[in-house]
Amino acid sequence: MSRALWVLVPAEFTLVVCLLAGVDVPAPVILAAEVVVLTLVVAEAVLVRRHYQAARLAGAERRAALVGAVEAAVPAPVRRLLVNELRGMTSLVRWVGRRVHGVREGDLAAPYTGPQTAMMYGLLFVSVVETVALAILIPWPLVHMILLVLDVYGVLMVLALHASCVTRPHVVGSDGSLRVRWGALFDMTIAGDRIGSARVERRYPEGALIRIDEPGGTLDLIVGSQTTVRVELTEPVEFVRPMGGRGTATVVRFHADEPAALVARLTQIRKALAETPDEAVGDVSV
C-alpha cells in the first residue's frame, strides 16, 4: 500500500501540473486517476483506524493514538498532499469572505492569478460539462453515483486550487521581506537583509510550475508560462517543494500581475529601512 502511494502521489501532482500548464489530458485519464486516488484513500483510512485501535488498546491517549496511527499508515508525501488539499478547502471559505492569508497591516499583497484565471475557469467548465454528460449517458445508478461524487470532488478541487491562489498572494512585508507563494503548494519567505536587488524581467520559460537550475541556484515559479519579477539574493535561501523536498536558491524569478508596483514597493521599503539607522543616530547626537 505504501509503495503504491509513493508512486501515486507524484503521479497525481504531475497530473495537476499538466492541467495547469495547459496540457490536453484525456478525460478518461483524469477519471481513472481520481478513482485510484479515492480507492487508496479509503484503504488508508481503514489502516489508520486499525493502528488507532491498537494504540488505544495499548493505553495511548486519543490524540497521541491518532497522530501515531496517521504517521504509521500514511507516508509523509501523502500527508503533505492531504494538508495542501485541506488548505485549499479552507481557502474557499476565505475566498467567499473576501479575506486573504498572511497579509498584515502595512504589507503589500501582490496577486499573480491573471495568466491562469481563464484556464482555471475553462477546467471548471469542462468538469461541469463532463458531470452533466455522464449523468445523461450512464444508465447504471451505482456507477452514476460514484462518478458523480468524483466529478463533484474534481470541481471542488479546481475551485479550491484557484481560491488558494487568490487568497494567498505574494506579500511585500513592511519590514522589507518578500513572501513568494503559489496557492497552498509553495510558500517561500525571503528576509529583507537577504534581498540584493529586484527588477521587472518578463520571461516565458517552459516547464512545470516550479523549475530550479541547480548549478546557478535559480528558482523559477512559473504561472501561465511566464515570470515577470527577478529577485537576486545576497546568499542562498532555502525553500520547500510542494511534496516536501528542499532546495536553495540565489535568484528567484516569479510572476506578479503588477510587477512594477511590487518592485517599486519592495525597493521603497528597503531604501527607507536602510536610511533609518543614520537618521536615528543623527537624532541621538542632537
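Everything below is about the structure shown above.
Before going into details, it helps to say that this report is about the structure given with it.

Each helix and strand counted, the chain has seven helices and nine strands in total. Out of the 286 residues in the chain, the part that is buried amounts to 38%. Within the chain, counting contacts between residues at least 6 apart in sequence, those at least 24 apart form 69% of the total. About 15700 Å² of surface is accessible on the chain, with carbon and sulfur atoms providing 63% of the total.

Time to look at the pattern of salt bridges. In the structure shown here, the tally under the stated rule is 11 salt bridges. The closest approach of N and O atoms between D187 and R179, which form a salt bridge, is 2.6 Å. For D187, a relative accessible area of 34% gives the class partly exposed. Across the pair R230 and E201 runs a salt bridge, and its minimum N-O distance is 3.7 Å. Taken as a pair, R230 in strand β8 (residues 227-240) and E201 in strand β5 (residues 195-203) lie far apart in primary sequence, 29 residues in all.

The next thing to look at is the sheet that holds strand β1 (residues 108-110). Sheet architecture is open: four strands sit in the order β1-β2-β3-β4, paired in antiparallel fashion. A single partner strand is all that each edge strand has here, and the edge strands are β1 and β4 (186-190). Taking each pair of neighbouring strands and ignoring which way they run, the sheet shows an average axis angle of 15°. Judged from the five bridges that link them, strand β3 (residues 178-182) and β4 form a sheet pairing that is antiparallel. Paired with V180 across the bridge in β4 is M188.

On to the sheet that holds β5, then. Here five strands make up an open sheet; going across it, the order is β5-β8-β9-β7-β6 and the pairing mixed. With one partner strand each, in any of the chains shown, β5 and β6 (210-213) form the two edges of the open sheet. Between one strand and the next, the sheet's axes are offset by a mean angle of 35°, whatever the strand orientation. In this sheet, strand β9 (residues 246-254) lies alongside β8 in antiparallel orientation, the contact comprising eight bridges. Its bridge partner being in β9, V237 is matched across the sheet by A249.

Relative to the elements of secondary structure, V83 occurs in helix α4 (residues 76-96). Note: C-alpha distance between V83 and L185 (102 residues apart in sequence) is 9.7 Å.

Rules behind the numbers
- Residues numbered from 1 in each chain as written.
- Predicted model: local features only at pLDDT ≥ 70, side-chain atom pairs only at ≥ 80, totals over all residues.
- Heavy atoms only, no water.
- Helix = DSSP H or I, 4+ residues; strand = E, 2+ residues; numbered from the N terminus.
- Buried < 20%, exposed > 50% of the residue type's maximum accessible area, 1.4 Å probe, protein only.
- Contact = heavy atoms within 4.5 Å.
- Areas by Shrake-Rupley, 256 points an atom, 1.4 Å probe, with all protein chains shown as cover.
- Salt bridge = Lys/Arg side-chain N within 4 Å of Asp/Glu carboxyl O.
- Pairing = 2+ DSSP bridges.
- Axes fitted to C-alpha atoms, helices over the stretch in contact; angles between N-to-C directions.

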